[in-house]
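If you want the building blocks of each chain, they are given just below.
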Amino acid sequence: MAPTLSNELLLKAVEKFDTPLYVYDEERIHFQYSKLLHAFHQSDVKIFYACKALSNINILRILQKLGSGIDCVSLNEVQFALKAGFEPSKIIFTPNSVSIDDYKEAVSIGVNINIDNLEILRQFGEHYGSSYPVVVRINPHIMAGGNIKISTGHIDSKFGISIDQIDQILKIKSQTQIKIKGLHLHTGSEIKEVDVFINGLQLMLELSKKFEELSIIDLGGGFKVPYKPDEKGANIDELGMRLHETLSKFETDQHKKFQIWFEPGKYIVSEAGYFLTKATIIKENPTRTFVGVDSGFNHLIRPMFYDAYHIIHNISNTKGPVKQYNVVGNICETDTFAWDRALHEVSPGDILLFNNAGAYGFEMSSRFNSRTRPAEVLVNKGEMKLIRRRETLDDLIQGQVL
Ligand SMILES: *Cc1c(COP(=O)(O)O)cnc(C)c1O
């Protein structure tokens, strides 16, 4: 059974640290990571946690101790990873739309480099020649045989080098001697279909025939986790089995060995996170009932930004009659967390809990409306630890030059 935090403990956290509050469960992070290890144990697979999902250094340390690698999309994330104790060899730098200067700095740190456009590939090759092997991000468009939809690996996506431009990669390679040690593909988030990953793998394996020194295939992240009550996530056990089948057959046929990299973010931390808010007002309009909470899209933007569904529980009243509510925030703009949601009757002061708040929750928070950002708490086997203090007015003003 997957570890979850009890309402009792979450209410205790609120008593101690107030709302709005993010709470993370260390045991659940361990659990998710070990599910990944188990699913992929038959193949040479390395996990790189995509830390843009949740980058508090205390969380990164958990993954570092578990033996994970880490995927960073900015140099600051790389610095966080170093602070958390990751060896540079366990860090991948996967930026996009950054200048060669960022890549040079990453090289000086010694991390793995993932290049996602031809211009940088050329500049990098001209500067480093064969001395610093890189991974190249491929945009697969519609896959060969194409019966799968790629959510963000489509032809108009800004990410990666088009699969139609392989010849140009090979040309840069022969002109500059740059070594390509890996091919990378990240087709998007919330991918449920195992086929998407297997077809991606097959495509990369085919391409690998053109790159003799290739030893790494990075299949990105994006494993779906359940958000709605009866939803299913990606079946990673099935993925692990089919990956092993596909890969070992190719390796035997071609007399080659590959290491497979994955970069899950959401899968590792989404369900480990809880967001706690307090009901401030109940407003009965002629057509609907609103419950206003002491937060808004400045703290959890996914419902407004992605139309995401988060399960909400009234953990102060778990038995009363159920009513329909629109759960809304306190931002001066429409910031609806949930439409027509059935909740046990809510009274002012009740604590509303949002599930799946670990990934892209605090991480995407802002100070819009000059409101401060929430505190973050890490729970390990019932022990609560503050890992980010609540912001204050001073934090908002600090940095302004008056
Ligand atoms: C965001 C991102 C991921 C993680 O995606 P999840 O949906 O959180 O698993 C992995 N790789 C890259 C390159 C990303 O940009």
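### Quick look at the packing of helix α4 (residues 75-83) against helix α5 (residues 100-109)
Line of reasoning, step 1. Two elements in contact, α4 and α5, have axes whose closest approach is 11 Å; the angle formed by their N-to-C orientations is 15°. Between α4 and α5, the angle is such that the two are roughly parallel. Once α4 is placed against α5, the crossing between them reads as left-handed. Every residue of α5 that contacts α4 at L75, V78, Q79 and L82 is listed here: D102, E105, A106 and I109.
Line of reasoning, step 2. Among the residues making up the contact of α4 with α5, the classes are represented as 5 nonpolar, 1 polar and 2 charged.

### Description of a nonpolar patch on the surface
Line of reasoning, step 1. On the surface, L393, I397 and L402 cluster together into a nonpolar patch covering about 360 Å² of accessible area.
Line of reasoning, step 2. With respect to the secondary-structure elements, I397 resides in helix α12 (residues 393-397).

### A few points about the layout of surface pockets
Line of reasoning, step 1. Here the largest pocket is characterised by a volume of approximately 840 Å³.
Line of reasoning, step 2. Along the wall of the largest pocket there are 38 residues; nearest its centre are K52, H186, S189, Y306 and Y360.
Line of reasoning, step 3. Counting only elements with at least two residues in the lining of the largest pocket, the list comes to α4, α10 (266-269) and α11 (302-306).
Line of reasoning, step 4. The element contributing the most residues to the lining of the largest pocket is α4, with 3 residues.
Line of reasoning, step 5. The residue makeup of the lining of the largest pocket, split by class, is 12 nonpolar, 13 polar and 13 charged.
Line of reasoning, step 6. Among the domains, domain 1 (95-262) and domain 2 (270-397) are the pair contributing at least three residues each to the lining of the largest pocket.

### What about the pairing of strand β18 (residues 383-388)?
Line of reasoning, step 1. Direction of pairing for strand β17 (residues 375-380) relative to β18: antiparallel, over a ladder of 5 bridges. Counted as the bridge partner of V377 is L386 from β18.
Line of reasoning, step 2. Counting the residues that bridge the hairpin from β17 to β18 gives 2 residues, and of these K381 lies at a positive phi of roughly 50°.

### Overview of the pattern of salt bridges
Line of reasoning, step 1. For the coordinates displayed, the defined rule picks out 19 salt bridges.
Line of reasoning, step 2. Two residues, R242 and D195, come together in a salt bridge whose shortest N-O distance is 2.9 Å. With R242 in helix α9 (residues 236-254) and D195 in helix α8 (residues 194-208), this pair connects stretches of sequence that are 47 residues apart.
Line of reasoning, step 3. Given the relative accessible area of 25%, R242 is considered partly exposed.
Line of reasoning, step 4. The shortest N-O distance in the salt bridge between D340 and R288 comes to 3.0 Å. Here D340, found in strand β15 (residues 336-344), pairs with R288, found in the loop between β11 (273-284) and β12 (289-293); they are 52 residues apart in sequence, far enough to count as distant.
Line of reasoning, step 5. One continuous salt-bridge network, built from bridges that share partners, spans E190, K224, E231, K266 and R302.

### A short note on a positive patch on the surface
Line of reasoning, step 1. Taken together, the side chains of R61, K65, K83 and K385 present a region of like positive charge at the surface.
Line of reasoning, step 2. Residue placement: K385 occurs in strand β18.
Line of reasoning, step 3. By relative accessible area, K385 is classed as partly exposed at 46%.

Analysis parameters
- Residues numbered from 1 in each chain as written.
- Predicted model: local features only at pLDDT ≥ 70, side-chain atom pairs only at ≥ 80, totals over all residues.
- Heavy atoms only, no water.
- Axes fitted to C-alpha atoms, helices over the stretch in contact; angles between N-to-C directions.
- Helix = DSSP H or I, 4+ residues; strand = E, 2+ residues; numbered from the N terminus.
- Parallel < 35°, antiparallel > 145°, perpendicular 65-115°, else oblique.
- Left-handed = near helix turned anticlockwise from the far one by under 90°.
- Contact = heavy atoms within 4.5 Å.
- Nonpolar A, V, L, I, M, F, W, Y, C, P; charged D, E, K, R; others polar.
- Patch = residues over 30% accessible without salt bridge, like charges linked within 9 Å, V, L, I, M, F, W, Y side chains within 5 Å.
- Areas by Shrake-Rupley, 256 points an atom, 1.4 Å probe, with all protein chains shown as cover.
- Salt bridge = Lys/Arg side-chain N within 4 Å of Asp/Glu carboxyl O.
- 1 Å grid on protein atoms, 1.4 Å probe; cavity = no way out; pocket = protein on both sides within 12 Å on 5 of 7 lines; lining within 4 Å.
- Points joined across faces, edges and corners; volume = space filled by probe spheres on them.
- Domains from an automatic or database assignment.
- Pairing = 2+ DSSP bridges.
- Buried < 20%, exposed > 50% of the residue type's maximum accessible area, 1.4 Å probe, protein only.
- Lys, Arg positive; Asp, Glu negative; His and termini not counted.
- Charge placed at Lys NZ, Arg CZ, Asp CG, Glu CD.

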